[in-house]
Amino acid sequence: MTHQQTAQQAGHDDGTRAEELSRRFAEVYGHAPDGVWRAPGRVNLIGEHTDYNDGFVLPFAIDRAALVAVRLRRPDGAGHDGDAAAAGHDVVDLASTWAPDDSGLTRARFRIADLVPGAVSGWGAYPAGVVHVLAGLDGVEVPGFELLLDSTVPVGAGLSSSHAVEVATIVALDDLLGLDLDRPAMARLTQQAENDFVGAPTGIMDQSASLMGRTGAALFLDCRTLESDLVPLPVAQHGLTVLVVDTGVAHSHADGGYGARRASCERGAAALGAASLRDVPDGADLTGLDEETARRVRHVLGENRRVLETVERLRAGDVRGIGELLVASHVSLRDDYEVSCPELDLAVDTALAAGAVGARMTGGGFGGSAIALVPAGHTEQVRTAVAEAFANAGHRAPEVFVVVPGEGAGRVR
Ligand code: GLA
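1. Concerning the overall build of the protein
Summing up its helical and strand segments, the protein has eleven helices and twelve strands in all. For 413 residues, the compact-globule estimate of 2.2 N^0.38 gives 22 Å, and the protein sits close to it at 21 Å. Dimensions along the principal axes, computed over C-alpha positions, put the protein at roughly 65 × 55 × 40 Å. Within the protein, contacts between residues separated by at least 24 positions form 72% of all contacts whose residues are at least 6 apart in sequence. Element-wise, carbon and sulfur atoms account for 49% of the exposed surface of the protein, whose accessible area totals about 15800 Å². Taking the 34 positively charged and 57 negatively charged side chains of the protein as two groups, their mean positions are separated by 2 Å.

2. Things to note about the layout of surface pockets
Its volume calculated, the second largest pocket comes out at about 190 Å³. Lining the second largest pocket we find 14 residues, and of these Leu233, Val235, Ala236, Val404 and Pro405 sit closest to its centre. Those elements giving two or more residues to the lining of the second largest pocket turn out to be strand 8 (240–246) and strand 11 (399–403). The element that contributes the greatest number of residues to the lining of the second largest pocket is strand 8, accounting for three residues. Each residue belonging to the lining of the second largest pocket can be placed in one class, and the counts come to ten nonpolar, four polar and no charged.

3. Points about helix 8 (residues 291–315)
End to end, helix 8 covers 36 Å across 25 residues, agreeing with the expected 36 Å (1.5 Å per residue, within 8%). The opening residue of helix 8, the one whose side-chain oxygen lies 3.2 Å from the backbone nitrogen of glutamate 292, is aspartate 290.

4. Considering the domain arrangement of the protein
Splitting the protein by domain gives domain 1 (3–46 + 58–230 + 406–411) and domain 2 (232–403). Contacts between the two partners involve 31 residues from domain 1 and, on the opposite side, 41 residues from domain 2. When domain 1 packs against domain 2, the two sides together hide about 2800 Å² of surface, and 62% of this comes from carbon and sulfur. On inspection of domain 1 and its partner domain 2, the count reaches three salt bridges. For aspartate 229, the salt bridge identified is with arginine 315, shortest N-O distance 2.9 Å. The tally of links between domain 1 and domain 2 comes to eleven residue pairs in polar contact (both at pLDDT 80 or more). Elements with a minimum of two residues in the side of domain 1 that touches domain 2: helix 1 (3–12), strand 1 (35–46), strand 2 (56–72), strand 6 (217–222) and strand 7 (228–232).

5. A word on the site of the ligand
In the region of the ligand, 14 residues are neighbours, and Glu48, His49, Asp51, Asp206 and Tyr258 sit closest. Between the ligand and aspartate 51, the relevant distance is 2.5 Å, taken from an oxygen atom to a side-chain nitrogen or oxygen of the residue. The separation between an oxygen atom of the ligand and a polar main-chain atom of glycine 203 is 2.8 Å. In this structure the site holding the ligand corresponds to the largest cavity. Residues of the shell around the ligand, tallied by class, amount to three nonpolar, seven polar and four charged. When residues of the shell around the ligand are sorted by domain, at least three fall in each of domain 1 (3–46 + 58–230 + 406–411) and domain 2 (232–403).

6. Remarks on the pairing of strand 10 (residues 369–375)
One face of the sheet, then the other: side chains in a regular strand alternate in exactly this way. Along strand 10, seven of the seven residues are buried, which leaves the element largely enclosed by surrounding structure. Side-chain alternation along strand 10 places Ser369, Ile371, Leu373 and Pro375 on one buried face and Ala370, Ala372 and Val374 on a second face that is also buried. Between strand 9 (residues 358–362) and the antiparallel strand that follows it, strand 10, lie six residues; glycine 363 among them carries a positive phi value of about 90 degrees.

7. Brief notes about empty space enclosed by the protein
With a probe scaled to a water molecule rolled over the atoms, the places where space remains empty come into view. Counted according to the given criterion, the structure contains one cavity of 30 Å³ or more. As for the largest cavity, its lining consists of 13 residues, of which Asp51, Met205, Asp206, Tyr258 and Gly364 are closest to the centre. Among the residues making up the lining of the largest cavity, the classes are represented as three nonpolar, six polar and four charged. Residue contributions to the lining of the largest cavity reach at least three from each of two domains, namely domain 1 (3–46 + 58–230 + 406–411) and domain 2 (232–403).

8. A word on the side chain of histidine 49
Inspection of the secondary structure assignment puts histidine 49 in the loop between strand 1 and strand 2. You can call histidine 49 buried: its relative accessible area is 4%. A distance of 2.6 Å separates the side chain of histidine 49 from the side chain of tyrosine 52, its partner in a polar contact. Ignoring sequence-local partners within four residues, the contact set of histidine 49 consists of Tyr258, His299, Val300, Leu333, Tyr337, Val339, Gly363 and Gly364.

9. Remarks on unusual backbone geometry
Even without being glycine, aspartate 180 reaches a positive phi, approximately 60 degrees. You can see aspartate 180 is positioned in the loop between helix 4 (161–177) and helix 5 (183–198). Backbone geometry at phenylalanine 366 places phi at a positive 60 degrees, although glycine is not the residue there. Here phenylalanine 366 lies in the loop between strand 9 and strand 10. On the accessibility criterion, phenylalanine 366 (27% relative accessible area) is partly exposed.

Rules used throughout
- Each chain carries its own residue numbering, running from 1 in the direction its sequence is written.
- Only residues with pLDDT of at least 70 get local features here, since the model is predicted, and only at 80 or more are side-chain atom pairs given and counted; chain-wide, interface and lining totals rely on the full set of residues.
- Side-chain measures were taken over the full set of non-hydrogen atoms in the model, leaving aside hydrogen atoms and water.
- Segments assigned H or I by DSSP are reported as helices when at least four residues long, segments assigned E as strands when at least two residues long, and all are numbered from the N terminus.
- With C-alpha atoms as the basis for the radius of gyration, the globule rule is written as 2.2 Å multiplied by the number of residues raised to the power 0.38.
- Residues count as neighbours in contact if any of their non-hydrogen atoms are within 4.5 Å of one another.
- Computed by Shrake-Rupley with a 1.4 Å probe, the accessible areas treat only the displayed protein chains as cover when residues are assessed.
- None of His or the chain ends enter the tally, which takes Lys and Arg as positive and Asp and Glu as negative.
- For the purpose of locating charges, the reference atoms are NZ of Lys, CZ of Arg, CG of Asp and CD of Glu.
- The distinction between a cavity and a pocket rests on a 1 Å grid over the protein atoms alone: a 1.4 Å probe fits inside a cavity but cannot get out, while a pocket stays open yet meets protein on both sides within 12 Å along at least five of seven lines, and a residue with an atom within 4 Å of a point counts as lining.
- Grid points are joined across faces, edges and corners, and a volume is the space filled by probe spheres set on the points.
- The classification used treats Ala, Val, Leu, Ile, Met, Phe, Trp, Tyr, Cys and Pro as nonpolar, Asp, Glu, Lys and Arg as charged, and all other residues, Gly among them, as polar.
- To estimate the expected span of a helix, count its residues, drop one, and scale the result by 1.5 Å.
- For the purposes of these results, a polar contact is taken to be a pair of N or O atoms within 3.5 Å, where, inside protein, one atom must be able to donate a hydrogen and its partner to accept one; residues adjacent in sequence count only when each atom of the pair is a side-chain atom.
- Residue ranges labeled as domains rest on an automatic or database domain assignment.
- By definition, the buried area sums, over both parts, the 1.4 Å-probe accessible area that each loses when the two are put together.
- Should a side-chain nitrogen of Lys or Arg be within 4 Å of a carboxyl oxygen of Asp or Glu, the pair is scored as a salt bridge.
- A single heavy atom is enough: if one lies within 4 Å of a molecule or strand, its residue is considered near that molecule or strand.
- A molecule is counted as occupying a cavity or pocket when more than half of its atoms fall within 2 Å of that pocket's grid points.
- Residue burial is assigned from relative accessible area. The probe radius is 1.4 Å, only protein chains are included, and a residue is buried under 20% of its type maximum, exposed over 50%, and partly exposed in between.
- Whether two strands pair comes down to DSSP finding at least two bridges between them.

Next comes the structure, spelled out in C-alpha cells:
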C-alpha cells in the first residue's frame, strides 16, 4: 500500500476505526465506552513562529487524526458522599495503541487529586494535562475515567500529534461533562495544558487548527483575538496536491531552540517599545537591535505580511500564486529565524527542482516535516526525487505522503 492510499484512508475510515477502537476498549476495560471522539493533526500552510507573537497563521486540519474512546467512572453506589477522591472515583486509566511497547498497549494510571506537572510522563502527559486544567476551572468537577487512544498522526513529524491527543481529550470531556466550552476556550485550555503541564512553551496555532479546521479550507487565525475565518483551499480543483515530507529528524519544542526564539522575539518587542511584535509595523527601523534579534524580528514581520497576502491570493482563486510566498517563508525561516535543518532545506529545494510550485518547512522546525504544493501530475516525480536526494546525501529515508484539508475535532460515535 502506498503512503498516499494510507493517508486518504485515514481521512475516510474514522467511522471504522472508531468501531474497532470501541471493540478494543471493551477488551481492555471490560465494558463499552461512552463514545469515541477524534481530533486531527495539522499542517501549517504559512505563518510560522507568528502565533506566540500575537500574529497571523494559516494552518489546516489534516486527514489524519487521534481517536479516543472514553468512559466516565461512575459511582458504584457507595460513593455518593460527594468525595470522589476518597471513594477512588477520581482514578484515570489511560491506554494507547499509538506508542505501543511490546504488549501492543501502553498504559498509565493516576488520581486526579495527585496531578501535578511531572506526575505523568510520556504520551499520558497530554490527556493528564487536559484533566489538570479542566479540574482547575471554577465549578468544574472532573470524575475519573477510562480512555483508549489510537492515532494516525505520525509521532515527531511536526504535524501536531501531541496536540491532537490533547484536543481529542478535551472535546470528549467537554461533551461527557456537559461543559459547553466554545472552541477558542478549548484552544486556550489545551495550550495551557501544553505550556504548564507538559512544559512546552508553544503557541495556540496547533490546537486551533485541530479544533476549528474544516474540510477543504485553511483556518485564518488572528492569534491575538482568536478571531478566525475559513479560507477555501481547493487544491484538487486547481490540479494540485499538498505533499508532506517527514524528514524523520526528531524535534522537541520542550528543548531550548523554540524557547530561545520566543525569548528573542520578546526582547525585540521590548526594545522597540511594543507589547508584542504584532504591534511593530512592517518596515519599522530595526537598526537599534543587535544583528541576531533584528533578523528574528524581520522574519516575524515579513511572515505576518505573507500570511495576509496568501489569504488575499486564495480568496482571489489564485492557488498556484501562493507558491512563491511559501518559498519566501522558507527562506526567511532558514536564514533569518534559523529554525530549518539540512534535511528540511534539501526536501524544499528538491521538491521545487522536481516541479513543486511552492515548498517550505512546516511547524516549529529543527526537524519534522516540509510541505510541497505540487501539480498532481508531478507527485510521483517529486516523491522519487526527494527519496533519491535523501539517499544521496546519506539521510534516513523520508516518509512522503499526500494530505488534504480535513474536518476539525468532534464526536465520531
Ligand atoms: C509549533 C508550536 C506552535 C507554533 C509553531 C511555529 O508547532 O506548537 O504553537 O509556534 O511551532 O509556528
